[in-house]
Amino acid sequence: MSLSFNPDTIAPPVGHFIGGELVSAKGAMEMRRPSDGKSYAACPVAGVDLVDRAVESAKAALKASNWGGVRPRERTKALHAWADLMEAEAQTLARIEALSSTRPVGQLVAGDIAVTAEQIRFFAEFADKEGSELVPTDDASLGMIMSEPYGVVGAITPWNFPISMAGWKLGPALAAGNAVVLKPSEMTPFSAIFMAELAVRAGLPAGLINVVLGDGPTTGTALTGHPEIAKVSFTGSTRAGSAIMENVARTGVKPMTLELGGKSPQIVFADADLDKAATAIAGSVTFNAGQACVAGTRLIVEKSVADRLTASILEKMKAVRPGPTWEETTQYSPIISHGQRARVDGIVRAAVSAGGECLIGGGAMEAPGYFYEPTLIANVSQGNPAIVEEIFGPVLTIQTFDSEEEALALSSHPTYGLASGLFTADLSRTIRFARRLEAGTVWVNRYSRSRDHILPTGGYKRSGIGKDLGREVYLANRRTKSVLISL
Ligand code: NAD
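Residues numbered from 1 in each chain as written. Predicted model: local features only at pLDDT ≥ 70, side-chain atom pairs only at ≥ 80, totals over all residues. Heavy atoms only, no water.

Asks: Before we move on, can you summarise the environment of Trp-159 with the specific residues and values?
Replies: Summarising the element assignment, Trp-159 is placed in the loop between β7 (152–156) and α5 (162–175). Along the sequence, Trp-159 and Ala-351 sit 192 residues apart, while their C-alpha atoms lie 26 Å from each other. Beyond its immediate stretch of four places on either side in the chain, Trp-159 contacts Ser-185, Met-187, Thr-188, Gln-291, Ile-336, Gln-340 and Phe-392. (Helix = DSSP H or I, 4+ residues; strand = E, 2+ residues; numbered from the N terminus. Contact = heavy atoms within 4.5 Å.)

Here you go:
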């Protein structure tokens, strides 16, 4: 059966999800579909009272279900059931998501949703395998490091991969025995509501996942500053991450994980497989139209092969075809909003004013919705706005080098250190670069995540604090207590 659908037939669940049910609410912020610009819904904004109600519901659910204290395998089983139901309902979930986001329905079913279900199962498996440990002490004592959940975790997610980001937050927090109050992005809030509804249908205690809709300044601030939120888990921009740190510092001290922005380099040496490199590089800036935190937006290539590689990347960038997110075959996404597209365009124009040369693109596409042309900018210095700013669009810059030292110097960014790519056939150079690149991820001869969820992701510098994925995110959702018993 085709996954394509008529967007006018989909009614998103407008409201908040508290205590296991949809709490209907009046929309406050107009929402437009990125694929055609049509207004289709309004996002409600939860204030302090509703956030408080969601936190109370999470606390009550923890108490009633003893979620953090049951046999851990019970949590694993419940999360597996949720992942199974998410896959069974993938089509409905994908349609709700494709309506408001930049994610095409075909990619959602085969990619985002399938991988999210797999990751939830992956996180679930830690529940009965990671725990407290005994430590060496003298004969007259018993020492242990006891591990326990935090309680209620406050999670905030961005709009670029809404289902995946919700899964990254909910999966480990729940597996670790916590309840969650999640605030999805106001641009793409409805898929999280449906995910929470599926959790209840799968048998997770009602109130364990609560979803409050709203913007950052009102709902986000109320959530991160709530005294009963024991830990904050955030993914979004560095600007919002700073605002959250400030709010948490002002309202009380609590741990937080911050997954923030990026401006990642891809370094290509002359000995690399250039066809493979071109495919990976073009793919990384055109996938989701460059709206990915790890997008490899700065190409740094050895001078002797720069022309050849550029020609090959240009060919691949030219081949993209825009299409609405509700068509199954769509590969190239729109930009999330009119405002975001204007921002992308503004930085591209500033880059050209500062001496950059657009080899392709540099403007909005002739299509309904908010599509932007894949853009490649040459002649950029380290101070050019296209190098300095996280553009969050399909824009790639190109710089050249003659030596390893020059490549390393160009790859270092003053603000960001999220991911990096290296293309070379030289093993010793690979190790030298893996050691010296200032980024939380180094991909070599590829530029994308795999389905090895054990590899954590997170940033150096102002790209963040802490990790998502891997064992690390599970452990970050538990706190430890040192217990020393005198025998
Ligand atoms: P954003 O920071 O504008 O918003 C992200 C979320 O934070 C939204 O839910 C928003 O409502 C909320 N928010 C904003 N201000 C807030 C505040 N003061 N207090 C509490 N919450 C607040 O980001 P965006 O535009 O939605 O997403 C794009 C950004 O996310 C990019 O910078 C991208 O690099 C980053 N991102 C990072 C990762 C990662 O793993 N490092 C993954 C995806 C996206």
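Asks: Describe the sheet that holds strand β22 (residues 478–486), with residues and values.
Replies: Ordered by their spatial adjacency, 3 strands build an open sheet running β5-β6-β22, and the pairing between neighbours is antiparallel. If you trace the sheet from one side to the other, it starts and ends with β5 (133–135) and β22, each paired once. Strand-to-strand twist in this sheet, taken as the mean axis angle between neighbours without regard to direction, amounts to 25 degrees. Where β5 lies against strand β6 (residues 141–149), 3 bridges are found, and the strand directions are antiparallel. Note on β6: the bridge partner recorded for Glu-133 is Ile-145. (Pairing = 2+ DSSP bridges. Axes fitted to C-alpha atoms, helices over the stretch in contact; angles between N-to-C directions.)

Asks: An account of the site of the ligand is requested, with residue identities and associated values reported.
Replies: Residues in contact with the ligand amount to 30 residues; listed here are only the nearest, Thr-157, Glu-186, Ser-237, Leu-260 and Glu-390. At 2.8 Å from an oxygen atom of the ligand is found a main-chain nitrogen or oxygen belonging to Thr-157. Between the ligand and Glu-390 there is a distance of 2.6 Å, counted from an oxygen atom to a side-chain nitrogen or oxygen. Alone, the ligand offers 840 Å² of accessible surface; in the complex the protein occludes 91% of this. Mapped onto the shell around the ligand, the elements with two or more residues apiece are α7 (216–224), β10 (231–235) and α8 (238–251). Considering each element in turn, the shell around the ligand owes the most residues, 4 residues, to α8. Counted by class, the shell around the ligand contains 13 nonpolar, 11 polar and 6 charged residues. Each of domain 1 (7–260 + 464–486) and domain 2 (265–453) contributes no fewer than three residues to the shell around the ligand. (Near = heavy atom within 4 Å. Polar contact = N/O pair within 3.5 Å; in protein donor to acceptor, adjacent residues only side chain to side chain. Areas by Shrake-Rupley, 256 points an atom, 1.4 Å probe, with all protein chains shown as cover. Nonpolar A, V, L, I, M, F, W, Y, C, P; charged D, E, K, R; others polar. Domains from an automatic or database assignment.)

Asks: Kindly report on the sheet that holds strand β18 (residues 419–423), identifying the contributing residues and their values.
Replies: Strands belonging to one sheet form pairs held by backbone hydrogen bonds; the direction of such a pair is parallel or antiparallel. Read across the open sheet, the 7 strands follow the order β14-β15-β16-β13-β12-β18-β19; overall the sheet is mixed. The outermost strands of the open sheet, each flanked by one partner alone, are β14 (357–360) and β19 (441–444). Across the sheet, the axes of successive neighbouring strands diverge by a mean angle of 25 degrees, strand direction being ignored. As judged from the 5 bridges shared by strand β13 (residues 298–302) and strand β16 (residues 395–401), these two strands associate in the parallel manner.

Asks: Could you give an account of helix α10 (residues 306–318), with specific residues and numbers?
Replies: Over its 13 residues, α10 extends 18 Å from the first C-alpha to the last, a length consistent with the 18 Å expected when each residue adds 1.5 Å. Residues Ala-306, Leu-309, Thr-310, Ser-312, Ile-313, Leu-314 and Met-317 constitute the buried set of α10. At its buried positions, α10 is contacted by β12 (265–268), α9 (274–286), β13, β14, β15 (375–378) and β16. (Expected span 1.5 Å × (residues − 1). Buried < 20%, exposed > 50% of the residue type's maximum accessible area, 1.4 Å probe, protein only.)

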